[in-house]
Structure formats: structure tokens, C-alpha cells
Amino acid sequence: MITQRLSLTCDRLLSHLQLACCRSHCGIPLHGKEMLIYSNVDKEQESLLLSGHHGEISAMTFGKRSSPVLLCSASADYIIVWDIELCQKRTKEGKVAAGTVIGTLLGEVIHLSFCFSDERVVACSGATAYILNSKRQEVISNLTGHVGPLTSAEFCPWDKDILVTASEDRTFKVFVEVSYVQPTYLNSLASPLLSVFFLEENRHIITGSTDGQVWCFSLPDDHKCHLVTKMDLQKMEKRYQMHQETVSCHADYPNLSITMAGSWSFSDGCNNSMVFLVSSLFTPCVVLLKLSLCDLPRILAGGEIKEQPLVFHSKVKSSGYSSSPRRVMFSPKTTVQKSRSTTKAHKNTGLLLRDYPADSAAPTVPRIHLSIANKPVHCLQYTGDGKQILCGLGDNSVLLYKSSLTGNPAVYTGHDKPVSSVSWSLNRQSWLSASEDQTLRIWTHGSPEPAIIIGDSMFSKPIRSAQFYYLDKFLLLASGHSLYLYLYNVDITHDDIKR
């Protein structure tokens, strides 16, 4: 059972800021430079106003210990630690609540986290993780090595000298003896990473990526992580729907104030429960939710997978009418055996599918040069796995190649003017093309015709850029001086789009 304990209307969007939530309190920024702290236990308790930052607050987090309750907040000018009980006492006495500045001018901090003794704080700013003393202004160490901005960092609960960082560079690093910046262990994944979490019981690291994957790694004593399992959230959701299993989702709780989450923070609650502080993705709203763990056995029992018939589906791929034309239109493949041997031969080459050495310079010598009938290439994009590539051309068409650029491409036509943007979906089962003819088309594998066409005088200017957004749930596109966001639905029986 999920219950909404608190709903707050904010003065701005908080969907991309780190919010603070612990067992007893939750906190959000107010007017950019102040904070409001609420009690999760006593609804009647007056909220606590904290001020002290000169810049916009970008991250907040509570300490791990229950007493004293510590809060750390960050802006571009200061990182401040607050003792909540002491601040409440000073406010009741008519005095100004004040915190302790532990860091200054460290840049835009996007993530904060206490160690499990609350003696240290890690602050992620750019590609650097700063380890700070939580009692006074002291930078214990600077952890570097990532080539992209950090998104998260967490201390290990069973070893105080281990810190794990995640980054947009698609890697996570395990830092050992963080006070002395010892050698690190790095693991590279397929998409930018967003968060890090520890399972202390099994000594596992959990990390999530932007393509909806959840990865679980072991963390043995030698600190060499090994993949335990990987979960695709979209596939799991579809599997639950197919088996009609009982799953808690927003549709089961229509009275909640938000329909799509932006940022969130969670903590163990009282009486076998958990509390979640969640911001809305598109509206200036934050809610505090309580999940009763007593209901989980009932939910899991109701969602037990029953035996299902096994169904095999044949797949038809495109190859072209013949091998003689340079460019061929979409056609079903009839020479299945020949295609399999060709595919196997391409796999054996390993072309473009190996990991590029992280410590090597960017490549400068072209390996393959392909001229496409003297037509300008306006845009291109690889699939997430690097096996296919889309090319949008100036002759109004789109070519779909294997990444090796060998063989005849599949050709998709329909636009009346040059193609300005192409984009793959995360699951690589569909892709879109946008054009200067002020239309956008969504294509699915196995069909020569677009599943959806958006246009018909909806835009006054050519579409310069378009992409799938938020795990393929939305379409985001730019036309003229405007950005458009669409919620769409692909239906094989008819075209349907909701704005």
C-alpha cells in the first residue's frame, strides 16, 4: 500500500535536483537559496526554514545516523552541514539557525552523500569527487579519473575506506582507501550511469543507466567487480503486464499528486515501511510517499508467475530486391541460409564492436570511406550497441547500414525535403527521422512505412533536431525558436498521437 503523506507546490521545477529524505525528515529548496525541512513523523510540526547560501542550492542529503540528524546542502559558493535539532532549538528561541561551512567554491555540486559514521561527506562536482570533513572546513582528498561529469558517489557500508563513483562517461570506479587516493577499479557499461547503491547483505553494487538497465556487481575483497545480473526495466514491465501479475504502479493509486517522477530520495521508515520524496518531472510539485512493506508478501504472492505456453515467432528482416543496385528499397529476406552465413562472417571480423582503449588518443585515420552517390549526409547516429547506423541524406531519404558499412543499405523514403535529424530508440526497435519539410516520422523494424507521421502544418519552421526522451516515452524536437514535447503511442492498427 502506497500512501501520500505530504504534497508541496514549489516555486520552481525540482525534477533534476537531489532532494533530501531520511526516516524522520525531508527537505526541499525554497526560492533557490533557502530550504524547508518537514517532519515525516509529526504532520503538525512547523516546517524549519534554513538560509545561508548565496547561490542556487543544487543538492541536499541527510546523514546516515538517526541522532544527531545532519543535513548537508550545496551551492556553487558553499557546502554547509546543519544540525537539524540544534537549528530547531535556535529557531524556537528566536535566534537565526546556522550551519557549518565545510567547503567553498567547489563548482556546481550535483550530488552529496555522507559516510555511515557521518564524519565525511562526498561532493560530486564536474568530474571530481571531493571528500570533505563534516565537522570543519577541510578537503580530505580529491578523487579524479573520470572523463565525464559525475552523477553519484556513495561510501561502502561495510568498508569505510571504499567509495564508488558513477559518471556520464559510462563507467563506475571503486576507490580504495579514499583518504589516500589509492589505485581504482573501473568498469565500463553501455550507457551513462545515474546512481549507485550498495546491498550490504550480499556485498553487491547496484548501478542504473540512462537506457533503463539496472546492473548488479559483486564487490569481493580484491575489489575486482564481477557482473552478477542485469535487469531491463522496460522488459520487466512488459513481462509483468503479459503475465497479468500484481505490480504496484501509479495506475493503482490515482489519487497521487504526480504522474511521472523526476528526482527522488528514499529511506527506511517507521513500522516496517519506507518513505520516498519524489519530485514531478514536468510540474513544480513534490510529494512524500510511504510504502508499507507489510503488503509486499501479498503483492508477491499475487504476482506469482504461472506456467505459460511457449510461443515462437518468426522474424522477417529487410535486405533489398537484389544486389545489383547501389541503393535498394525495403524487401523481405528470402535467402535465410545465405544471410546467416554472411552475418556470421561479419561477426568474425569484430569490426567496430570491440571496446576502444580508454587510455588511447582519439582515432584520426579513416578505416572505411564510403561515398553515397554524391549526396550530402546531413545527420547520422549509431545504435546503442554499435551494430547499425542511420544516415539522413540531402535527397530526402534515410539509409540504414550495418556499422561495418558493407552490403546494401535499407532505404526509407517519404520526406519531401532534406532529412535534418535521425534518432534511435533505446530498445533499437524503432527510430525517427525529422526533415526540413516540417514533419517527423517514426519507423519500426519490419515495416517500410512509418508508424506515425507528425506534421500537417503543426510546425511553422523546419525541424532541426529530434530525439526520443525519458526511456522512449516522449518525443522531444526543436522547430524554430520552440521546443516541443509529445507523448506518443505506436499502434499497429492505426496512428495515434497525444500531445
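Our structure is the block above this text.
Here we summarise the structure given alongside this text. (Residues numbered from 1 in each chain as written. Predicted model: local features only at pLDDT ≥ 70, side-chain atom pairs only at ≥ 80, totals over all residues. Heavy atoms only, no water.)

**Re the overall build of the chain**
Okay, step 1: What the chain contains, in helices and strands, is four helices and 37 strands.
Okay, step 2: Sequence-distant contacts, at least 24 apart, represent 42% of the contacts inside the chain between residues at least 6 apart. (Helix = DSSP H or I, 4+ residues; strand = E, 2+ residues; numbered from the N terminus. Contact = heavy atoms within 4.5 Å.)

**Comments concerning the side chain of Ser 267**
Okay, step 1: One can find Ser 267 in strand β22 (residues 261-268).
Okay, step 2: With a relative accessible area of 14%, Ser 267 lands in the buried category.
Okay, step 3: Reaching out from Ser 267, the side chain makes a polar contact with the backbone nitrogen of Arg 23 at a distance of 3.2 Å. (Buried < 20%, exposed > 50% of the residue type's maximum accessible area, 1.4 Å probe, protein only. Polar contact = N/O pair within 3.5 Å; in protein donor to acceptor, adjacent residues only side chain to side chain.)

**Re unusual backbone geometry**
Okay, step 1: Residue Pro 68 is reached from Ser 67 by a cis peptide bond, and omega for that bond is -10°.
Okay, step 2: As for its position among the elements, Pro 68 is in the loop between β6 (59-62) and β7 (70-74).
Okay, step 3: Despite not being glycine, Asp 118 has its phi angle at roughly 65°, a positive value.
Okay, step 4: For Asp 118, the location among the structural elements is in the loop between β10 (109-114) and β11 (120-125).
Okay, step 5: The class for Asp 118 is buried, based on a relative accessible area of 3%.
Okay, step 6: For Tyr 470, which is not glycine, the phi dihedral falls at a positive 55°.
Okay, step 7: Along the chain, the position of Tyr 470 falls in the loop between β34 (463-469) and β35 (474-479).

**Let's talk about the side chain of His 111**
Okay, step 1: Position of His 111 relative to the elements: it lies in strand β10.
Okay, step 2: In this structure the side chain of His 111 is engaged in a polar contact, spanning 3.3 Å, whose partner is the backbone oxygen of Ala 153.
Okay, step 3: At a separation of 3.2 Å, a polar atom in the side chain of His 111 contacts the side chain of Glu 154.
Okay, step 4: Those residues within four positions of His 111 in sequence are excluded, and the remaining contacts are Gln 18, Ala 59, Val 122, Ala 123, Cys 124, Thr 151, Ser 152, Ala 153 and Glu 154.

**A look at the pairing of strand β18 (residues 193-199)**
For a regular strand, side chains alternate in direction, first toward one face of the sheet and then toward the other.
Okay, step 1: Here β18 runs beside strand β19 (residues 204-209); their pairing, made up of six bridges, is antiparallel. Directly across from Ser 195, in β19, lies its bridge partner Gly 208.
Okay, step 2: Taking the residues that link successive antiparallel strands as the turn, the β18-β19 hairpin has four residues, and the phi of Arg 203 there is positive, at about 55°. (Pairing = 2+ DSSP bridges.)

**Notes on the layout of surface pockets**
Okay, step 1: In this model, the second largest pocket occupies a volume close to 300 Å³.
Okay, step 2: With three residues, the top contributor of residues to the lining of the second largest pocket is strand β26 (residues 377-382).
Okay, step 3: Taken together, the residues of the lining of the second largest pocket sort by class into 11 nonpolar, one polar and one charged. (1 Å grid on protein atoms, 1.4 Å probe; cavity = no way out; pocket = protein on both sides within 12 Å on 5 of 7 lines; lining within 4 Å. Points joined across faces, edges and corners; volume = space filled by probe spheres on them. Nonpolar A, V, L, I, M, F, W, Y, C, P; charged D, E, K, R; others polar.)

**A short note on a positive patch on the surface**
Okay, step 1: Judged by side-chain charge, Lys 230, Lys 235, Lys 238 and Arg 239 come together as a positively charged surface patch.
Okay, step 2: In terms of residue count, helix α2 (residues 233-242) provides more of the positive patch than any other element does, three residues in total.
Okay, step 3: Looking at the secondary structure, you find Lys 235 in helix α2.
Okay, step 4: Residue Lys 235 is classed as exposed on the basis of its relative accessible area, which comes to 55%. (Patch = residues over 30% accessible without salt bridge, like charges linked within 9 Å, V, L, I, M, F, W, Y side chains within 5 Å. Areas by Shrake-Rupley, 256 points an atom, 1.4 Å probe, with all protein chains shown as cover. Salt bridge = Lys/Arg side-chain N within 4 Å of Asp/Glu carboxyl O. Lys, Arg positive; Asp, Glu negative; His and termini not counted. Charge placed at Lys NZ, Arg CZ, Asp CG, Glu CD.)

**Some thoughts on the packing of aromatic side chains**
Okay, step 1: Under the criterion given, the structure shown has 16 aromatic pairs.
Okay, step 2: Both rings, one in Tyr 412 and one in Trp 431, keep their centres 4.9 Å apart while their planes meet at 80°; by these two values the pair is edge-to-face. Taken as a pair, Tyr 412 in strand β29 (residues 410-412) and Trp 431 in strand β31 (residues 430-435) lie far apart in primary sequence, 19 residues in all. Taken individually, Tyr 412 and Trp 431 each receive the classification buried, so the pair is uniform in this respect.
Okay, step 3: For the pair Phe 468 and Tyr 488, a centre-to-centre distance of 6.1 Å together with 55° between the ring planes defines the contact as tilted. Of this pair, Phe 468 sits in strand β34 while Tyr 488 sits in strand β36 (residues 482-489), and the two are 20 residues apart along the sequence. (Phe/Tyr/Trp six-rings, centres within 6.5 Å; stacked < 30°, edge-to-face > 60°.)

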